[in-house]
Amino acid sequence: MNRLIIGITGGIASGKSTFLSIMQENGFFTISADDIVRELYKKNERGYFKILELKLGDVLDNEQNLDTKKLRELIFARPEIKDKIEKTIHPLVTSEINRLIKQSEKNKIAIEVPLLFEAGLENIFTHTVTISAKKDLMIENIVSRYGIQNKDAEKMLGNQMDIQKKVERSTFVIQNNSSYDEFISKGKKLARKLSEVEQ
């Protein structure tokens, strides 16, 4: 079966998950790499043990669950730890994405992968979509989402591939620099276009 597999990426807090939901509304089977990571990080799951094997120090909470806030702080404070975690977790995420693709009965699939290009996953996809937003808007959204300072939000953005490079490597781009309603309108328009693509 020929399948249409759309990869969705972009900056932190740029609107990727919102567009994934729009794709679902348009009949796509949807997968979120972030959701996969959350499952992998649960106590006694594969990702949980892989992180503990890295001996990163105090990364557990009082109930021996992975403390994702501590992990996030480590990732954005120390690039060498970020690289270690990504090299450890990316193969598990890729394996699970491939399993879910094979398991799906639908032939139109949309997958949100924040580090799509960084992880070298372009070959999985028929087309890629980057959600692009201005830096100041992403910083504002990150501060609101994670309750952190502007300077820490800037660090988070600085640790990802420059958004312009993602734009240049993508098949489609949605600019999310205005109102929420306009972004939804753009997202729906592209989702309809993609749902009509012949495999």
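Refer to the structure above for everything that follows.
Overview of the structure. Quantities reported herein were computed from a predicted structural model and do not represent experimental measurements. (Residues numbered from 1 in each chain as written. Predicted model: local features only at pLDDT ≥ 70, side-chain atom pairs only at ≥ 80, totals over all residues. Heavy atoms only, no water.)

**Focus on the nonpolar core**
And then number 1: In terms of nonpolar packing, the biggest core is built from 42 residues, with Ile51, Leu56, Ile85 and Ile111 touching the most fellow members.
And then number 2: For this core, the secondary structure elements donating two or more residues are α2 (33-40), α3 (46-53), α4 (68-77), α5 (79-103), β3 (108-112), α6 (135-146) and α7 (150-158).
And then number 3: Per-element tally for this core: the top contributor is α5, with eight residues.
And then number 4: Sequence-distant contacts of Ile51, defined by excluding residues within four places in its chain, comprise Tyr41, Leu56, Val59, Leu66, Leu71, Ile85 and Ile89.
And then number 5: Residues Leu4, Ile6, Phe19 and Met23 belong to the second largest nonpolar core, which totals 18 residues. (Core = buried A, V, L, I, M, F, W, Y, C linked by side-chain atoms within 4.5 Å. Buried < 20%, exposed > 50% of the residue type's maximum accessible area, 1.4 Å probe, protein only. Helix = DSSP H or I, 4+ residues; strand = E, 2+ residues; numbered from the N terminus. Contact = heavy atoms within 4.5 Å.)

**Some details on a positive patch on the surface**
And then number 1: On the surface, Lys188, Lys189, Arg192 and Lys193 cluster together into a patch of positive charge.
And then number 2: Within the secondary structure, Arg192 sits in helix α9 (residues 180-195). (Patch = residues over 30% accessible without salt bridge, like charges linked within 9 Å, V, L, I, M, F, W, Y side chains within 5 Å. Areas by Shrake-Rupley, 256 points an atom, 1.4 Å probe, with all protein chains shown as cover. Salt bridge = Lys/Arg side-chain N within 4 Å of Asp/Glu carboxyl O. Lys, Arg positive; Asp, Glu negative; His and termini not counted. Charge placed at Lys NZ, Arg CZ, Asp CG, Glu CD.)

**Thoughts on the pairing of β3**
And then number 1: Within β3, five of the five residues are buried, leaving the element largely enclosed by the surrounding structure.
And then number 2: Neither face of β3 is open: one carries Lys108, Ala110 and Glu112, the other Ile109 and Ile111, and all of them are buried.
And then number 3: Sheet topology note: the strand β1 (residues 4-10)/β3 ladder contains five bridges and is parallel. Looking across to β3, one finds that Ile8 is bridged to Glu112.
And then number 4: Pairing of strand β2 (residues 29-32) with β3, which is carried by four bridges, proceeds in the parallel orientation. Opposite Ser32, over in β3, you have Glu112 as the bridge partner. (Pairing = 2+ DSSP bridges.)

**Notes on the layout of surface pockets**
Sizing a probe to match a water molecule and rolling it over the atoms shows the empty space that remains.
And then number 1: Its boundaries defined by the atoms lining it, the largest pocket holds a volume of some 1200 Å³.
And then number 2: Lining the largest pocket are 42 residues, with Ile12, Asp34, Pro114, Tyr146 and Gln160 sitting closest to its centre.
And then number 3: Take the lining of the largest pocket: its biggest share by element is six residues, from α5.
And then number 4: Counted by class, the lining of the largest pocket contains 21 nonpolar, 12 polar and nine charged residues. (1 Å grid on protein atoms, 1.4 Å probe; cavity = no way out; pocket = protein on both sides within 12 Å on 5 of 7 lines; lining within 4 Å. Points joined across faces, edges and corners; volume = space filled by probe spheres on them. Nonpolar A, V, L, I, M, F, W, Y, C, P; charged D, E, K, R; others polar.)

**Comments concerning the environment of Thr130**
And then number 1: Looking at the secondary structure, you find Thr130 in strand β4 (residues 127-132).
And then number 2: C-alpha separation for the pair Thr130 and Val113, spaced 17 residues apart in sequence, amounts to 10 Å.
And then number 3: Not counting the four nearest positions on each side in its chain, Thr130 is found in contact with Thr9, Gly10, Phe117, Ile163, Lys166, Val167, Ser170, Phe172, Val173 and Ile174.
And then number 4: In terms of polar contacts, Thr130 uses its side chain to reach the side chain of Ser170, at 2.4 Å. (Polar contact = N/O pair within 3.5 Å; in protein donor to acceptor, adjacent residues only side chain to side chain.)

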